[in-house]
Amino acid sequence: MEVNGKDDLRSPLLKHPNGAVVTVVPPNNGGNKKIRTLSFKVGGITCASCVASIESALGKLEGVQSVMVSVLQGQAVVKYFPQLVSAKTIKEAVEDTGFKVEEFPEQEIAICRLRIKGMACTSCSESTERALLMVDGVKNAVVGLALGEAKVHFDPNVTDTNRIIEAVEDAGFGADLISSGSDVNKVHLKLEGITSDDDFTTIRSSLEVLEGVNHVDIDMDEHKLTISYEPEIIGPRSLIQCIEQAGNGAKSYQAILYTPPRGGETERQHEMLTYRNQFLWSCLFSVPIFVSSMVLPMFPPYGNWLDYKVINMLSVGVVLRWLLCTPVQFIIGRRFYAGSYHALRRKSTNMDVLVALGTNAAYFYSIYIMIKALTSESFEGQDFFETSSMLISFILLGKYLEVLAKGKTSDALAKLTDLAPDMAYLLTLDGDGNVISEMEISTQLIQKNDTLKIVPGVKVPVDGIVVDGQSYVNESMITGEARPVAKKPGDKVIGGTVNENGCILIKATHVGSETALSQIVQLVEAAQLAKAPVQKLADQISKFFVPTVVVAAFVTWLGWFIPGQARIYPRIWIPKSMDAFEFALQFGISVLVVACPCALGLATPTAVMVATGKGASQGVLIKGGNALEKAHKVKTVVFDKTGTLTVGKPAVVSSVLFSKFSMEDFCDMTIAAEANSEHPIAKAVVEHAKKLFQKYGSQNEHFTDVKDFEVHPGAGVSGKVGERIILVGNKRLMRLFDVPLGREVEDYVSENEQLARTCVLVAIDGKAAGAFAVTDPVKPEAARVISYLHSMSISSVMVTGDNWATAIAIASEVGIQKVFAETDPLGKADKIKELQLTGSSVAMVGDGINDSPALVAADVGMAIGAGTDVAIEAADVVLIKSNLEDVITAIDLSRKTMSRIRINYVWALGYNVLGMPIAAGILYPFTGIRLPPWLAGACMAASSISVVCSSLLLQSYKKPFHTSRP
């Protein structure tokens, strides 16, 4: 294949003599540099005139950069600026010319993450979710209460992040953009040498003409710059160089890296400080109120001055309490009024409504008492100013402690984020690979293909490949594997791991958001946002919880007030300082404020956050609450064989010829056929055949190409090498093509299968030509893991595309009783469904592309971390270090988590079920015990804190099973 240069990569793929390309000069659109490509079929094209009509129509649209229409394929490829023209407009323009648009791609879906401020309970998160879903163009929205974040899927042609943020703010909550799909790779710079606004324009223009720059955001006040870029095309050092070169003559610009504060942590610190300060200010007013109303009256000489009358029956104590309580009620407590207003405007209710109702009832009744005392010469009544102020103080204290505890739930994720080092040693090499210079740079400035020096005791900054040197690397912080792993040239290293002893040079292969560490963090963040099905219980309860509590409080007040007025219960029950109305009001307010919807809303998400973070730190990535909930129900685990139960590094132990072909020709044709296969056994066969080829033939490394290559799932491959048809695979492939297998072949196959080896047969022109015997050793921990699963009442099954004899031999070795062999990928999925029909919840553990259908079909898919990206994408759980013991860890952690969630629900529901009747005074007639409103508020705050602390106990989780290592 001839390489003609970079420009050829940009030319349209669909070129034909009868096709045409028209280039439209794009407008000068400043920052809108990102171009999208749209490809679709156009029906009814018959000649060049049709092409000209379509291209002319599209060329008139502002924002269309180029149009290419092929007559033969009936296909159009359009490059356009999405900021100026939408895909829908392009489609309509083609249809207006009289042609039918077919196979139009589905609308593009973009993703953004928002930080939501001001959510207090499940009702708040549900309201935010509803507000987001009502935005035109939003396809899906998930709001996490414990995380305080939202993930939104939207059509960028219909809406944008600004409109999404506006929707959240209209619902009464604050919102900040954390990230959008287009700005995952960003660099933050601080500019120096800026003297006017023209300098910003110059720098912006210089950056926006660079290929690979998506967006430039400038903060003129702070002289800061944020650039979103494509790491495949450009890197941060190139961007800084561009800024410095933008200066001319007297103008000199400099750009230095700055690290913006971590959003979530900053917000949490701000929230903690806000609640703490408000609580302290509240105490400054509430403590004197409490002392004047509850403490001093008990010591007559010291409290007598509070009873001095100012006007009529209005005493000094009441006026003092009113003056101190009012700032607490309306200034410090205004957050509850704002929350109630926004909730009621959304036609919903939340905790703020309960607090506002309770405190207002106490405050305004006290105002009524004060007015009556002011205007009467004989009136005596009890004010409740201490109830209002103490209630607000205790709730603010509870919120402060709750935020403090919630911050601990994401500790594991924060530790993962902090694993990457700050600095790295960058080497400059000459053409011969000799080091010219060495420079210490920030890890944020590392670009793809950089050569980095890793000295002993230093963390690896990014993912890469060792190009020189040998060492041992401690990967426990990523994989949970305690033993250091040997690294030599050609081996991969993971960013965030620690180089133990030797000095190695690595070539950076993945930087920024593409590193394994970043991917793990993103996956865990997404998991913490995903709702578990058990969360639906809290969502359902929250819909009617607050209205039910309000009704219960009103019924409680009536239940004490009417009998009190009618003297149905003894008058002695009512304290001397109160009448029946005030006595009943105390019970009603207590019911209002003791009920806690927050504890219910936090029961599930806090446990999921701790569990997913803890799992990630131990090498088990669980993709959210749904996967956690399903994993705890698993009763059957289905294992793939190659790469899952076995090491996954098969090696050929013997080869044989059954025909007149020379070993050189036999190996050449085998290599040609198997070279395109991704299967581990195929790779082992190719590697062994190359060695034989060099042993029996020439040293030339050029092998014959294969034509008409075809994969037969679960059987093998076929193709045409020269004029010969070649088949490479198992006995099933031979049967499929009616290849006769003689006695010699059958004996060879049978003999090796008894030894748990896999036989790869090679047929040329319909006759068996030879075979390879491949062995793949069983993982050392496999038998113990199967045994431990059995002790957990979980049955194990093996499903493989390999032959029955080998499958049974491997299964016997590890202790698996049930085996399905000679199964293709779709057949594996069918076997999973058969097991599910028996009523068993099934987990599938696999590693390859051929396992993807089964991983999706299973109730819980578990992908081995060393497997393919497709398998990992299809799975619910990813085992980072490819160790089978983590299958047990995943199931056990999910069981512990679901048990903790149940305990949280029992506590939250039990608290409300027991707390409300006690607050309503059910014990008072028998024991004389009643719950004052301020104490009821303290109990409400304590319930939320207890649920979060209960979830935090998962931090102490330990793996139930460890295999002994040599």
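The numbers attached to residues start from 1 for each chain and follow its sequence in the written order. Totals for whole chains, interfaces and linings use every residue, but because this is a predicted model, local features are given only for residues with pLDDT of at least 70 and side-chain atom pairs only at 80 or more, for both listing and counting. In computing side-chain values, all of the structure's heavy atoms are included and hydrogens and water are not.

## Some words on the pairing of strand β18 (residues 451-454)
- Being paired, for any two strands, means DSSP has found at least two bridges between them. We count a stretch as a helix when DSSP gives it H or I for four or more residues in a row; a strand needs E for two or more, and each element gets its number in order from the N terminus. Sheet analysis places strand β16 (residues 423-429) next to β18, joined by 3 bridges and oriented antiparallel. Across the sheet, residue Leu426 finds its bridge partner in β18, namely Leu452.
- In the sheet, β18 pairs with strand β24 (residues 504-510) via 4 bridges, with the strands oriented antiparallel. Counterpart to Leu452 in the pairing with β24 is Ile506.

## A few points about the packing of helix α22 (residues 663-674) against helix α23 (residues 680-696)
- In the contact formed by α22 and α23, the axes pass within 9 Å of each other and the chain directions differ by 150°. Relative to α23, the element α22 is oriented roughly antiparallel. Our pair here, α22 against α23, has a crossing hand that is left-handed. Along its contact with α22, which presents Met663, Glu664, Cys667, Asp668, Thr670, Ile671 and Glu674, the element α23 presents Ala682, Val685, Val686, Ala689, Lys690, Leu692, Phe693 and Tyr696.
- In terms of residue class, the contact of α22 with α23 is built from 10 nonpolar, 1 polar and 4 charged. In this analysis an axis means a line fitted to C-alpha atoms, helices contributing only their contacting stretch, and an angle means the value between N-to-C directions, from 0 to 180 degrees. In these notes the angle categories are as follows: under 35 degrees is roughly parallel, over 145 is roughly antiparallel, 65 to 115 is roughly perpendicular, and the rest is oblique. What makes a crossing left-handed is the near helix being turned counterclockwise from the far one by less than a right angle; a clockwise turn instead makes it right-handed. The contact criterion used is simple: two residues touch if any of their non-hydrogen atoms lie within 4.5 Å. Here the nonpolar group is Ala, Val, Leu, Ile, Met, Phe, Trp, Tyr, Cys and Pro; Asp, Glu, Lys and Arg are the charged ones; every other residue, Gly included, is treated as polar.

## Some remarks on helix α6 (residues 197-208)
- Taking 1.5 Å as the rise per residue, α6 with 12 residues should run 16 Å; its terminal C-alpha atoms sit 17 Å apart, in good agreement.
- Taken together, the buried positions of α6 are Asp199, Phe200, Ile203, Leu207 and Glu208. All buried residues of α6 project into a common sector of 155° when viewed along the axis, lining one side.
- Where the residues of α6 are buried, they touch β10 (186-192), β11 (213-219), β12 (224-229) and α7 (236-246). Expected helix span is given by 1.5 Å per residue-to-residue step, counting one fewer step than there are residues. Burial here depends on accessible area, computed with a 1.4 Å probe over protein chains only, as a share of the maximum for the residue type. Under 20% is buried, over 50% is exposed, and the range in between is partly exposed. Note: the arc covers the axis-to-C-beta directions of the helix.

## A word on the packing of aromatic side chains
- Two aromatic rings, drawn from Phe, Tyr or Trp (for Trp, its six-membered ring), form a pair once their centres lie within 6.5 Å of each other, and the interplanar angle then sorts them: stacked below 30 degrees, edge-to-face above 60, tilted otherwise. Summed over the entire model, instances satisfying the criterion amount to 24 aromatic pairs.
- Ring geometry for Phe658 and Tyr748: centres 6.0 Å apart, planes at 75°, overall edge-to-face. Of this pair, Phe658 sits in the loop between β27 (651-657) and α22 while Tyr748 sits in helix α25 (residues 743-753), and the two are 90 residues apart along the sequence. Tyr748 shares its class with Phe658; the two are buried.
- Among the aromatic residues, those joined into a ring-pair cluster are Tyr365, Tyr368, Phe554, Trp557, Phe561 and Phe581.

## Comments concerning helix α17 (residues 535-565)
- Taking 1.5 Å as the rise per residue, α17 with 31 residues should run 45 Å; its terminal C-alpha atoms sit 45 Å apart, in good agreement.
- In α17, a bend of some 40° at Phe545 exceeds every other bend along the element, and Pro547, a proline, comes one to four places later.
- Looking one or two residues beyond α17, the residue adopting positive phi is Arg567, at roughly 55°. Here the bend at a residue is taken as the angle between two axes, fitted respectively to the seven residues that end there and the seven that start there.

## Quick word on the sheet that holds strand β19 (residues 463-468)
- With antiparallel pairing, the 6 strands of this open sheet are ordered in space as β17-β16-β18-β24-β19-β22. With partners counted over all chains shown, the strands left at the sheet margins are β17 (435-442) and β22 (492-493), one partner each.
- Here β19 runs beside β22; their pairing, made up of 2 bridges, is antiparallel. In the sheet register, Ile465 faces β22, and the bridge partner there is Lys492.

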